[in-house]
Amino acid sequence: MSLRQRLAQLVGRLQEPQKVAHFQRLCGVHPPLSRSAVASADLREDEEEESPLSRDCRCRQRQPGACNDHQALGSDRNQCPAKPGGGGAPNGVRNGLATELGPASQPPAGVLRRNSLTGEEGELAHVSNWPLYYLFCFGTELGNELFYILFFPFWIWNLDALVGRRLVVIWVLVMYLGQCTKDIIRWPRPSSPPVVKLEVFYNSEYSMPSTHAMSGTAIPIAMVLLTYGRWQYPLIYGLILIPCWCSLVCLSRIYMGMHSILDIIAGFLYTILILAIFYPLVDLIDNFNQTHKYAPFIIIGLHLALGIFSFTLDTWSTSRGDTAEILGSGAGIACGSHVTYNMGLVLDPPLDMLPLVRPPITVTLCGKAILRILIGMLFVLLIRDTMKKITIPLACKIFKIPCDDIRRARQHMEVELPYRYITYGMVGFSITFLIPYIFFFIGIS
């Protein structure tokens, strides 16, 4: 067997959903009784059977819904629907509503999380190891919006604005490339059954590579690269943080049933490649954003063009909105830093003060930090909700799209792109300019 054949065989094995299901069973996640027989049969499949890659190729040539060899007649749960709006390859995802999955007496895996755009819900499942369940729920949240909207402002307001800004630059770059690559490769999520889908929020997106794995790799590595030498702390702390953070996020995606092992490995390696190429340019990008005369116009135009390009890669899915949200946040934070720098509100410490020493932790220091987070988050949420209520109806009116069904309206690029881009652009701008100005005004900067 040639090296190429061996690599192809390895790739096929790493993409098998049975391996994801095995990991879930080892961690104490089991399918409901109504699926146990089917899942057991899937897990006993011979490794010599066709790989998921070849099966998926044939699936894409059939009609949507014909992708599952174990499909039960009349069961909507086992379908492989094509993406809404027509066109594009079927995503191979077969999730059902919670009401279809067995008796109500079966203990669910926590609260079922609903996808706000598609209406999908996670599956009921038996969980025998609750500490692992909550650990991996925390791990997967390290790649979700709630974490980002707390993490980046905390760095910018309380720790080090320069490190926070440059973390955002790296995050935007990594996530944008990851989302676009998904829509180019178009590999489906692990099929269910045998996998138990504990999360469906990103279920309408493609799988390869895992952008959770990419952000879970990029953020801790970038934190260490940006802070070591700028702040005084033992390097061993960073060397412990990187594998712990990265492995927790990566394993959580397999545990949730959202990615194959191959997706995780590819996301990790892809991130290392991106950091190796673009990290040396981060200092140049950040300085340009702050000091160039026409930086705001270039930033807004570039991010908007990248968003429009990404929307042309494939049919609608939740990744369209995520991409616009990422680009809007990055553009807003960059423009806000430009205004802040030119007004002299927040100045980075001079180079002769480096490395910086951690200030003593006092009640006053902690109190101001807590106040900044509480006040800042209040304004962030207020701005986000206000802009959402303005931009969606306005975009619907401009492009003559019915807005009586917000979920359906947001599946149009003409609505989703301006809503996400403008809303999160304003959120980013407020994080680096409006809210620090408020802190300065009330004396807690």
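Residues numbered from 1 in each chain as written. Predicted model: local features only at pLDDT ≥ 70, side-chain atom pairs only at ≥ 80, totals over all residues. Heavy atoms only, no water.

## Quick look at the packing of helix H7 (residues 161–185) against helix H11 (residues 282–291)
At their nearest, the axes of H7 and H11 sit 10 Å apart, and the two run at 110 degrees to each other. As summarised for this structure, H7 and H11 are arranged roughly perpendicular, according to the angle between their axes. When the axes of H7 and H11 are compared, the crossing they make is right-handed. Across the interface between the two elements, Leu162, Arg165, Arg166, Val169 and Ile170 from H7 touch Val282, Asp283, Ile285, Asp286, Asn287, Asn289 and Gln290 from H11. (Axes fitted to C-alpha atoms, helices over the stretch in contact; angles between N-to-C directions. Helix = DSSP H or I, 4+ residues; strand = E, 2+ residues; numbered from the N terminus. Parallel < 35°, antiparallel > 145°, perpendicular 65-115°, else oblique. Left-handed = near helix turned anticlockwise from the far one by under 90°. Contact = heavy atoms within 4.5 Å.)

## A short note on the environment of Pro190
On the secondary structure map, Pro190 appears in the loop between H7 and helix H8 (211–227). Put simply, Pro190 and Glu16 are 174 residues apart on the chain and 7.5 Å apart in space, counted from C-alpha to C-alpha. Contact partners of Pro190, with chain neighbours within four places excluded, come to Pro17, Val20, Val195, Lys197, Ser207, Gly257, Met258, His259 and Ser260.

## Here we look at the packing of aromatic side chains
This structure, assessed with the given rule, holds 17 aromatic pairs. Residues Phe151 and Phe152 carry aromatic rings whose centres are separated by 5.3 Å and whose planes lie at 65 degrees to one another, so their mutual orientation is edge-to-face. Using a relative accessible area of 12% as the deciding quantity, one classes Phe151 as buried. Given a relative accessible area of 4%, Phe152 falls into the buried group. With a centroid separation of 6.2 Å and an interplanar angle of 35 degrees, the aromatic rings of Phe433 and Tyr437 are classed as tilted. (Phe/Tyr/Trp six-rings, centres within 6.5 Å; stacked < 30°, edge-to-face > 60°. Buried < 20%, exposed > 50% of the residue type's maximum accessible area, 1.4 Å probe, protein only.)

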